[in-house]
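Given next are the chains, with one letter for each unit.
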Amino acid sequence: MISAQEALKLLKEGNKRHASGLGGRRSRTTNRHRRELILGQQPFAVVVGCADSRVAPELVFDQGSGDLFVIRVAGNIITPTQAGSIEFATMVLNTKLVVVLGHSQCGAVRAAVDQLNAESTSLPPNLQSIVDHMCANLSNQGITSVKDAEVANIRSGMEAIAEFAPEDVEILGAKYDIGTGRVEYLES
Ligand SMILES: [Zn+2]
């Protein structure tokens, strides 16, 4: 089992490779590695990320098959289905680190801020439910800017996870910058 501290070190090293354009070696799955994966999985970190095509956690952290337990949904929100997946990783697979990964230029956050500022247009009903979920968490925080909302949305995800995650699991918030390729961790 990999501790939360070791897991964070691996994520930081991987993101350094990604941001400097040196990533990609680990993601090439060899036949031998694939055979090892038949025996089971032991992902060292859970990443709850946005569905945005520019923010694939395996690429952002330069990791390969079996390394990360990734849960992706627009706006990286925590609803019962995401929570259940996190429970599986932390309670069944025994993964000790959970990272909520938001990002710059997030369309879901932008839609939520527009709705808070009463500038929204009508959305399809299921997409609307995502934006409503985000707004419910952001509305009582007096947030009007996208930048503040990006961070606040990550923090509400962390708080939601803390409600049910085992006590020995570390929960971190982080934000990916699409322009630089760097991940910055929020202060806890
Ligand atoms: Zn996004």
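Scroll up a little and you will see the structure.
All of these numbers come straight from a predicted model, not from anything done at the bench. (Residues numbered from 1 in each chain as written. Predicted model: local features only at pLDDT ≥ 70, side-chain atom pairs only at ≥ 80, totals over all residues. Heavy atoms only, no water.)

Asker: Sorry if this is basic, but what is going on with the packing of aromatic side chains here?
Answerer: For any two aromatic rings, the description comes down to two numbers: the centre-to-centre distance and the angle of the planes. Under the criterion given, the structure shown has one aromatic pair. Between the aromatic rings of Phe69 and Phe88, the centroid separation amounts to 6.0 Å while the plane-to-plane angle is 40°, which identifies the pairing as tilted. Separated by 19 residues along the polypeptide, Phe69 in strand E2 (residues 68-72) and Phe88 in helix H4 (residues 80-92) bring together distant segments of the chain. Looking at Lys12, its charged tip hangs above the ring of Tyr185, at a distance of 5.3 Å from the centre. (Phe/Tyr/Trp six-rings, centres within 6.5 Å; stacked < 30°, edge-to-face > 60°. Helix = DSSP H or I, 4+ residues; strand = E, 2+ residues; numbered from the N terminus. Lys NZ or Arg CZ within 6 Å of the ring centre and 35° of its normal.)

Asker: Please explain the side chain of Ser156 as it appears in this structure.
Answerer: Locating Ser156 in the fold gives a position in helix H7 (residues 146-162). Residue classification places Ser156 among the buried positions, given a relative accessible area of 11%. Here the side chain of Ser156 touches Asn153 through a polar contact of 3.3 Å, landing on its backbone oxygen. (Buried < 20%, exposed > 50% of the residue type's maximum accessible area, 1.4 Å probe, protein only. Polar contact = N/O pair within 3.5 Å; in protein donor to acceptor, adjacent residues only side chain to side chain.)

Asker: Quick question: what am I supposed to make of the environment of Val151 here?
Answerer: By secondary structure assignment, the location of Val151 is in helix H7. The class of Val151 is partly exposed, set by a relative accessible area of 28%. A sequence separation of 48 residues divides Val151 from His103, and the C-alpha atoms of the two residues are 8.9 Å apart.

Asker: For this particular structure, what's the right way to read the sheet that holds strand E5 (residues 183-185)?
Answerer: Paired through their backbone hydrogen bonds, the strands of a sheet run either parallel or antiparallel. Across the sheet, five strands lie side by side as E2-E1-E3-E4-E5; this open sheet has mixed pairing. The outermost strands of the open sheet, each flanked by one partner alone, are E2 and E5. Averaged over all pairs of adjacent strands, the angle between their axes in this sheet comes to 25°, without regard to strand direction. With respect to the sheet, helix H1 (residues 4-19) is in contact with strand E1 (45-49), E2, strand E3 (97-103), strand E4 (170-176) and E5, its orientation differing from that of E3 by roughly 35°. Across the face of the sheet, H7 comes into contact with E1, E3 and E4 while running at roughly 160° to E4. (Pairing = 2+ DSSP bridges. Axes fitted to C-alpha atoms, helices over the stretch in contact; angles between N-to-C directions. Contact = heavy atoms within 4.5 Å.)

Asker: Before we go on, may I ask you to explain the pattern of salt bridges in this structure?
Answerer: Pairing between side chains of opposite charge can happen when their charged atoms approach one another. Going through the model one piece at a time under the given rule, you end up with seven salt bridges. Of the charged contacts in the structure, one is a salt bridge between Arg17 and Asp62, with a shortest N-O distance of 2.5 Å. One end of the pair, Arg17, is in helix H1; the other, Asp62, is in the loop between helix H3 (57-60) and E2, and 45 residues separate them in sequence. Residue Arg17 is classed as partly exposed on the basis of its relative accessible area, which comes to 30%. Among the ionic pairs, Glu150 bridges to Lys175, the shortest N-O distance being 2.7 Å. (Salt bridge = Lys/Arg side-chain N within 4 Å of Asp/Glu carboxyl O.)

Asker: What is the right way to look at a nonpolar patch on the surface in this model?
Answerer: Nonpolar side chains collect at one region of the surface, where Phe88, Met91 and Val92 lie side by side and expose about 290 Å² of accessible area between them. Position of Val92 relative to the elements: it lies in helix H4. (Patch = residues over 30% accessible without salt bridge, like charges linked within 9 Å, V, L, I, M, F, W, Y side chains within 5 Å. Areas by Shrake-Rupley, 256 points an atom, 1.4 Å probe, with all protein chains shown as cover.)

Asker: Help me understand the environment of Ile2, please; the structure alone is not making it clear to me.
Answerer: Residue placement: Ile2 occurs in the segment before H1. Residues Ile2 and Ser85, 83 residues apart in the sequence, show an inter-C-alpha distance of 19 Å. Apart from the residues within four sequence positions on either side, Ile2 is in contact with Ala7, Leu10, Phe44 and Lys96.

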